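Here are the chains, one letter per residue:
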Amino acid sequence: MTGQQASRVTYTLDSSLDSVNKVEQTAEQMARKAGVDEDEIFRISMAVREAAVNAVLHGNAYDPEKRMTASFENTGSDLVIRITDEGKGLDPATLPDPLAPENLLRGSGRGIFLIRSFMDEVHFKQLHPGTELTLIKHLGTAPTGA
Amino acid sequence: MSMKISTRQVDGITIMDLGGRITLGEGSVQLRDSVRDLLAKGQKKILLNLGEVNYIDSSGIGELVSAYTTVRNQGGELKLLNLTRKVHDLLQITKLYTVFDVKDDEASAIASYAHA
């Protein structure tokens, strides 16, 4: 952990699957502490895992010189998770639709779709270099997604 | 955290009993290698029992799809058995539930394969 203020915790992590698992577990603990139900805990932790996989695999490409940062904040009304990488950047507009018939049998390309399905808000920000994904779950709202 | 795989034969069908997590890295690779080994041995009628799979991520979903297409392309059949609710929901929202042949009873799943 590299910094902590109020209820926000930020981790700077290497580009590994261990980091992905740590980020997923932290999201699960955060959601559980916020009192959301089990289905929502699953959705939130899975969305955060997918964002971390995206950062480590597609963003940083497992480069040992590049870092992923993950910040977790409970504002009282929202759970806000930010995942950043140091990769080449991601333009979400260029991602193929995984639900299109011609893409259904592809072996990859569902991560961002699942993130959007499971969170209330997803924001992309281009860094130089890298990408920041902000995932937001509104607290006190009815479950969404599956 | 890892995935467990065991295989058994019933009436010419290879049943793979999977448990744990099918995720990027170990779980997905295990599944891929196991299916590849079965195909290399000529076992092309495969039933994946996912009853003990408690977690699957997009990589795991992709691996299921790849296994399905690989087996089909070699003239075989791959079906899914005993989906947990979470896996069922994931296949629903990714529109894959209708792609896979999904069974919830082992005996009827076995009987559903084309027997030579």
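Up top you'll find the structure we're talking about.
Residues numbered from 1 in each chain as written. Chains lettered and ligands numbered in written order. Predicted model: local features only at pLDDT ≥ 70, side-chain atom pairs only at ≥ 80, totals over all residues.

A. Structural context of the overall build of chain A. Scanning chain A from terminus to terminus reveals three helices and six strands. Secondary structure elements in chain A, listed N-terminal to C-terminal, are β-β-α-α-β-β-α-β-β. At 15 Å, chain A has a C-alpha radius of gyration in line with the 15 Å of a compact globule built from 146 residues. Taking the principal axes of the C-alpha coordinates as reference, chain A spans close to 40 × 35 × 25 Å. The proportion of buried residues among the 146 residues of chain A is 37%. Relative to all contacts within chain A whose residues are 6 or more apart in sequence, the contacts with residues 24 or more apart total 66%. (Helix = DSSP H or I, 4+ residues; strand = E, 2+ residues; numbered from the N terminus. Rg over C-alpha atoms; globule rule 2.2 N^0.38 Å. Buried ≥ 20, exposed ≤ 12 C-beta atoms within 10 Å, placed from the backbone. Contact = placed C-beta atoms within 7 Å.)

B. Geometry of helix α3 (residues 111–118) of chain A. Considered for burial, the residues of α3(A) that qualify are G111(A), I112(A), L114(A), I115(A) and F118(A). Along the axis of α3(A), the buried positions cluster into a sector of 160°, meaning they face one direction only. Contacts made by the buried residues of α3(A) are with α2 (38–59), β5 (121–126) and β6 (131–138) of chain A together with α2 (58–73) of chain B. (Arc of directions from axis to C-beta.)

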